[in-house]
Amino acid sequence: MLLNFSLDQTLVIAVLFVWAGFVRTGLGFGGAALGLPLMLFVHNDPLLWLPIISTHLLFFSGLTLRTRLHNVDWRYLRQSSIYIIPPAIIGVFGLVNLPILWLNVFIYSITLFYGLTWLFNRAIESRRNWVDKLLLILGGYIAGTSLTGAPLMVAVYMRNVSREQLRDTLFVLWFILVSIKMTTFVALSVDLHFLAALTLIPIAAVGHMLGLKAHDAIMRNDLLFKRWIGGGLVIVSALGLWNLWI
(Lines give C-alpha, C1' and ligand atoms only; values in the text may rest on other atoms or scores of the structure.)
Protein backbone atom coordinates (compact mmCIF):
# COMPACT_ATOMS: atom_id res chain seq x y z
CA MET A 1 0.00 0.00 0.00
CA LEU A 2 2.76 2.46 1.01
CA LEU A 3 6.08 1.91 -0.70
CA ASN A 4 7.53 -1.40 0.52
CA PHE A 5 6.03 -1.65 3.99
CA SER A 6 5.42 -5.09 5.44
CA LEU A 7 1.98 -6.33 6.44
CA ASP A 8 2.70 -5.62 10.11
CA GLN A 9 3.83 -2.08 9.32
CA THR A 10 0.76 -1.52 7.14
CA LEU A 11 -1.53 -2.57 10.00
CA VAL A 12 0.27 -0.18 12.35
CA ILE A 13 -0.08 2.62 9.78
CA ALA A 14 -3.81 1.92 9.52
CA VAL A 15 -4.22 2.20 13.31
CA LEU A 16 -2.23 5.45 13.36
CA PHE A 17 -4.42 7.04 10.69
CA VAL A 18 -7.56 5.99 12.58
CA TRP A 19 -6.02 7.70 15.62
CA ALA A 20 -5.11 10.86 13.67
CA GLY A 21 -8.65 11.08 12.25
CA PHE A 22 -10.15 10.61 15.71
CA VAL A 23 -8.04 13.37 17.26
CA ARG A 24 -8.62 15.75 14.34
CA THR A 25 -12.40 15.73 14.75
CA GLY A 26 -12.55 14.88 18.44
CA LEU A 27 -10.49 17.91 19.48
CA GLY A 28 -10.85 19.99 16.32
CA PHE A 29 -7.06 20.07 15.96
CA GLY A 30 -3.97 17.99 16.64
CA GLY A 31 -4.32 15.12 14.17
CA ALA A 32 -0.83 15.78 12.82
CA ALA A 33 0.67 16.82 16.15
CA LEU A 34 -0.48 13.59 17.82
CA GLY A 35 -0.10 11.30 14.81
CA LEU A 36 3.09 12.35 13.02
CA PRO A 37 5.54 11.52 15.87
CA LEU A 38 4.18 7.96 15.92
CA MET A 39 4.33 7.65 12.13
CA LEU A 40 8.01 8.60 12.21
CA PHE A 41 8.72 5.36 14.11
CA VAL A 42 7.46 3.46 11.06
CA HIS A 43 9.34 5.59 8.53
CA ASN A 44 11.46 8.54 9.64
CA ASP A 45 10.96 10.87 6.66
CA PRO A 46 8.31 13.57 7.35
CA LEU A 47 8.03 14.21 3.60
CA LEU A 48 6.38 10.81 3.22
CA TRP A 49 3.69 11.44 5.84
CA LEU A 50 2.95 15.15 5.57
CA PRO A 51 1.53 15.12 2.02
CA ILE A 52 -0.72 12.20 3.01
CA ILE A 53 -1.86 13.93 6.21
CA SER A 54 -2.39 17.13 4.21
CA THR A 55 -4.60 15.35 1.67
CA HIS A 56 -6.70 13.94 4.51
CA LEU A 57 -6.98 17.34 6.17
CA LEU A 58 -8.27 18.88 2.95
CA PHE A 59 -10.75 16.06 2.43
CA PHE A 60 -12.16 15.81 5.94
CA SER A 61 -12.15 19.51 6.78
CA GLY A 62 -13.92 20.19 3.48
CA LEU A 63 -16.41 17.43 4.24
CA THR A 64 -17.13 18.85 7.69
CA LEU A 65 -17.32 22.46 6.52
CA ARG A 66 -19.63 21.99 3.57
CA THR A 67 -22.63 22.75 5.80
CA ARG A 68 -20.78 24.70 8.53
CA LEU A 69 -19.36 27.78 6.80
CA HIS A 70 -22.06 29.92 8.40
CA ASN A 71 -20.55 29.06 11.80
CA VAL A 72 -17.08 30.44 11.04
CA ASP A 73 -15.68 33.59 12.65
CA TRP A 74 -14.51 35.12 9.39
CA ARG A 75 -13.56 38.44 11.01
CA TYR A 76 -10.98 36.95 13.34
CA LEU A 77 -9.81 34.47 10.71
CA ARG A 78 -8.93 37.35 8.36
CA GLN A 79 -7.34 39.33 11.19
CA SER A 80 -5.12 36.49 12.40
CA SER A 81 -4.14 35.19 8.96
CA ILE A 82 -1.86 38.19 8.49
CA TYR A 83 0.42 36.77 11.19
CA ILE A 84 0.02 33.08 10.34
CA ILE A 85 0.30 32.70 6.56
CA PRO A 86 3.70 34.38 5.79
CA PRO A 87 5.66 32.33 8.39
CA ALA A 88 3.76 29.21 7.28
CA ILE A 89 5.06 29.70 3.74
CA ILE A 90 8.60 30.11 5.09
CA GLY A 91 8.10 26.94 7.14
CA VAL A 92 7.14 24.90 4.06
CA PHE A 93 10.42 25.80 2.36
CA GLY A 94 12.23 24.77 5.55
CA LEU A 95 10.47 21.40 5.44
CA VAL A 96 11.63 20.75 1.90
CA ASN A 97 15.22 21.90 2.42
CA LEU A 98 16.20 20.94 5.98
CA PRO A 99 17.94 17.59 6.66
CA ILE A 100 15.65 14.77 7.86
CA LEU A 101 17.49 14.53 11.19
CA TRP A 102 16.90 18.20 11.95
CA LEU A 103 13.22 17.91 11.04
CA ASN A 104 12.76 14.88 13.28
CA VAL A 105 14.50 16.55 16.22
CA PHE A 106 12.30 19.60 15.65
CA ILE A 107 9.08 17.54 15.49
CA TYR A 108 9.87 15.43 18.56
CA SER A 109 10.98 18.48 20.55
CA ILE A 110 7.80 20.39 19.75
CA THR A 111 5.71 17.32 20.59
CA LEU A 112 7.58 16.86 23.88
CA PHE A 113 6.79 20.45 24.79
CA TYR A 114 3.08 19.92 24.05
CA GLY A 115 3.08 16.67 26.01
CA LEU A 116 4.61 18.29 29.09
CA THR A 117 2.17 21.20 29.04
CA TRP A 118 -0.82 18.83 28.78
CA LEU A 119 0.50 16.33 31.30
CA PHE A 120 1.07 18.97 33.98
CA ASN A 121 -1.95 21.08 33.01
CA ARG A 122 0.18 24.06 32.05
CA ALA A 123 -1.97 25.57 29.38
CA ILE A 124 -0.43 27.75 26.69
CA GLU A 125 -2.10 31.04 27.47
CA SER A 126 -1.94 34.56 26.16
CA ARG A 127 -3.24 37.69 27.86
CA ARG A 128 -1.47 40.32 25.76
CA ASN A 129 -1.84 41.24 22.11
CA TRP A 130 1.90 41.01 21.40
CA VAL A 131 1.97 37.49 22.85
CA ASP A 132 -1.03 36.59 20.66
CA LYS A 133 0.87 37.74 17.59
CA LEU A 134 4.03 35.87 18.62
CA LEU A 135 2.10 32.62 19.17
CA LEU A 136 0.37 32.99 15.80
CA ILE A 137 3.69 33.60 14.03
CA LEU A 138 5.38 30.64 15.74
CA GLY A 139 2.34 28.44 15.19
CA GLY A 140 2.25 29.38 11.52
CA TYR A 141 5.93 28.58 11.04
CA ILE A 142 5.67 25.25 12.86
CA ALA A 143 2.53 24.37 10.90
CA GLY A 144 4.37 25.13 7.68
CA THR A 145 7.31 22.97 8.71
CA SER A 146 5.51 20.02 10.26
CA LEU A 147 1.74 20.66 10.62
CA THR A 148 2.23 20.52 14.41
CA GLY A 149 1.71 24.20 15.21
CA ALA A 150 -2.00 23.88 16.02
CA PRO A 151 -1.79 24.04 19.86
CA LEU A 152 -0.01 27.42 19.73
CA MET A 153 -2.60 28.95 17.42
CA VAL A 154 -5.49 27.32 19.27
CA ALA A 155 -4.31 29.03 22.48
CA VAL A 156 -4.94 32.38 20.78
CA TYR A 157 -8.11 31.38 18.96
CA MET A 158 -9.71 30.10 22.17
CA ARG A 159 -9.46 33.61 23.63
CA ASN A 160 -10.80 35.38 20.56
CA VAL A 161 -13.38 33.01 19.03
CA SER A 162 -16.52 31.76 20.75
CA ARG A 163 -16.56 28.11 21.82
CA GLU A 164 -19.46 27.40 19.43
CA GLN A 165 -17.49 28.70 16.42
CA LEU A 166 -14.02 27.53 17.42
CA ARG A 167 -13.82 24.13 15.74
CA ASP A 168 -15.32 25.27 12.43
CA THR A 169 -13.10 28.37 12.34
CA LEU A 170 -10.02 26.23 13.00
CA PHE A 171 -11.01 23.82 10.24
CA VAL A 172 -11.07 26.71 7.75
CA LEU A 173 -7.65 27.82 8.99
CA TRP A 174 -6.24 24.28 8.58
CA PHE A 175 -7.76 24.11 5.08
CA ILE A 176 -6.02 27.36 4.08
CA LEU A 177 -2.65 26.36 5.56
CA VAL A 178 -2.71 22.89 4.03
CA SER A 179 -3.71 24.30 0.64
CA ILE A 180 -0.63 26.53 0.77
CA LYS A 181 1.55 23.57 1.77
CA MET A 182 0.20 21.31 -0.99
CA THR A 183 0.53 24.04 -3.62
CA THR A 184 4.16 24.54 -2.60
CA PHE A 185 4.76 20.77 -2.73
CA VAL A 186 3.41 20.66 -6.27
CA ALA A 187 5.50 23.68 -7.31
CA LEU A 188 8.65 22.03 -5.89
CA SER A 189 7.84 18.61 -7.42
CA VAL A 190 7.53 16.89 -4.04
CA ASP A 191 5.90 13.44 -4.31
CA LEU A 192 2.38 13.78 -2.84
CA HIS A 193 1.88 10.00 -2.48
CA PHE A 194 -1.65 10.70 -3.65
CA LEU A 195 -2.66 7.09 -4.29
CA ALA A 196 -1.50 6.10 -0.81
CA ALA A 197 -3.48 9.00 0.64
CA LEU A 198 -6.62 7.91 -1.21
CA THR A 199 -6.14 4.33 -0.03
CA LEU A 200 -5.96 5.52 3.58
CA ILE A 201 -9.00 7.81 3.43
CA PRO A 202 -11.55 5.05 4.28
CA ILE A 203 -9.35 4.02 7.20
CA ALA A 204 -8.99 7.59 8.46
CA ALA A 205 -12.76 7.98 8.00
CA VAL A 206 -13.30 5.47 10.79
CA GLY A 207 -11.39 7.73 13.16
CA HIS A 208 -13.17 10.78 11.75
CA MET A 209 -16.59 9.34 12.55
CA LEU A 210 -15.51 8.19 16.00
CA GLY A 211 -14.13 11.65 16.68
CA LEU A 212 -17.38 13.32 15.65
CA LYS A 213 -19.29 11.09 18.05
CA ALA A 214 -16.80 11.63 20.88
CA HIS A 215 -16.31 15.39 20.43
CA ASP A 216 -18.81 16.51 23.07
CA ALA A 217 -17.59 13.93 25.60
CA ILE A 218 -13.97 14.97 25.01
CA MET A 219 -14.84 18.63 25.49
CA ARG A 220 -16.57 17.82 28.79
CA ASN A 221 -13.51 15.89 29.98
CA ASP A 222 -10.91 18.02 28.25
CA LEU A 223 -8.43 18.13 31.14
CA LEU A 224 -8.42 14.37 31.78
CA PHE A 225 -8.18 13.57 28.06
CA LYS A 226 -5.24 15.95 27.55
CA ARG A 227 -3.38 14.64 30.60
CA TRP A 228 -3.51 11.07 29.31
CA ILE A 229 -2.51 12.21 25.83
CA GLY A 230 0.21 14.45 27.27
CA GLY A 231 1.75 11.52 29.12
CA GLY A 232 1.73 9.46 25.94
CA LEU A 233 3.32 12.28 23.94
CA VAL A 234 6.11 12.68 26.49
CA ILE A 235 6.95 8.97 26.25
CA VAL A 236 6.77 8.90 22.45
CA SER A 237 8.85 12.07 22.04
CA ALA A 238 11.47 10.94 24.56
CA LEU A 239 11.80 7.59 22.78
CA GLY A 240 11.99 9.35 19.40
CA LEU A 241 14.76 11.70 20.54
CA TRP A 242 16.59 8.77 22.16
CA ASN A 243 16.48 6.81 18.90
CA LEU A 244 17.86 9.81 17.03
CA TRP A 245 20.62 10.23 19.61
CA ILE A 246 21.79 6.65 19.47
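Basis of the calculations
Residues numbered from 1 in each chain as written. Predicted model: local features only at pLDDT ≥ 70, side-chain atom pairs only at ≥ 80, totals over all residues. Heavy atoms only, no water. Helix = DSSP H or I, 4+ residues; strand = E, 2+ residues; numbered from the N terminus. Rg over C-alpha atoms; globule rule 2.2 N^0.38 Å. Buried < 20%, exposed > 50% of the residue type's maximum accessible area, 1.4 Å probe, protein only. Contact = heavy atoms within 4.5 Å. Areas by Shrake-Rupley, 256 points an atom, 1.4 Å probe, with all protein chains shown as cover. Patch = residues over 30% accessible without salt bridge, like charges linked within 9 Å, V, L, I, M, F, W, Y side chains within 5 Å. Salt bridge = Lys/Arg side-chain N within 4 Å of Asp/Glu carboxyl O. Core = buried A, V, L, I, M, F, W, Y, C linked by side-chain atoms within 4.5 Å. Expected span 1.5 Å × (residues − 1).

1. Considering the overall build of the chain
1) Next: Assigned secondary structure in the chain consists of 10 helices and zero strands.
2) Next: Start at the N end of the chain and walk to the C end: the helices and strands fall as α-α-α-α-α-α-α-α-α-α.
3) Next: Whereas a compact globule of 246 residues would reach a radius of gyration of roughly 18 Å, the chain reaches 17 Å, a difference of no more than 12%.
4) Next: Across its three principal directions, the C-alpha atoms of the chain cover 45 × 35 × 35 Å.
5) Next: For the chain, the residues scored as buried account for 53% of the 246 residues in total.
6) Next: Long-range contacts, defined here as pairs at least 24 residues apart, represent 82% of the contacts in the chain between residues at least 6 apart.
7) Next: Carbon and sulfur atoms make up 67% of the accessible area of the chain, which amounts to about 11800 Å² in all.

2. Digging into the environment of Thr67
1) Next: Inspection of the secondary structure assignment puts Thr67 in the loop between α3 (46–65) and α4 (74–97).
2) Next: The exposure class of Thr67 is exposed, given its relative accessible area of 51%.

3. Remarks on a nonpolar patch on the surface
1) Next: On the surface, Ile90, Leu98, Leu101, Trp102, Val105 and Tyr141 cluster together into a nonpolar patch covering about 560 Å² of accessible area.
2) Next: Among the elements that make up the nonpolar patch, the one with the highest residue count is helix α5 (residues 100–119) (three residues).
3) Next: Structurally, Leu101 is set in helix α5.
4) Next: Residue classification places Leu101 among the partly exposed residues on the basis of a relative accessible area of 47%.

4. Notes on the nonpolar core
1) Next: In terms of nonpolar packing, the biggest core is built from 57 residues, with Trp49, Ile53, Tyr157 and Trp174 touching the most fellow members.
2) Next: Here this core takes 10 residues from helix α8 (residues 163–187), the largest share from any one element.
3) Next: Beyond its immediate sequence surroundings of up to four residues, Tyr157 is in contact with Tyr76, Leu77, Ser80, Ile84, Leu136, Leu166, Thr169, Leu170 and Leu173.
4) Next: Core analysis: the second largest hydrophobic core is formed by 11 residues, Ala33, Leu34, Phe225 and Ile229 among them.

5. Here we look at α5
In an α-helix, one turn spans 3.6 residues, which is why side chains three or four residues apart end up on the same side.
1) Next: Across its 20 residues, α5 extends 28 Å between first and last C-alpha, which sits within 8% of the 28 Å expected from 1.5 Å per residue.
2) Next: Leu103, Asn104, Ile107, Tyr108, Ile110, Thr111, Tyr114, Gly115, Thr117 and Trp118 are the residues of α5 that are buried.
3) Next: Of the residues one or two after α5, Asn121 is the one with positive phi, at around 55°.

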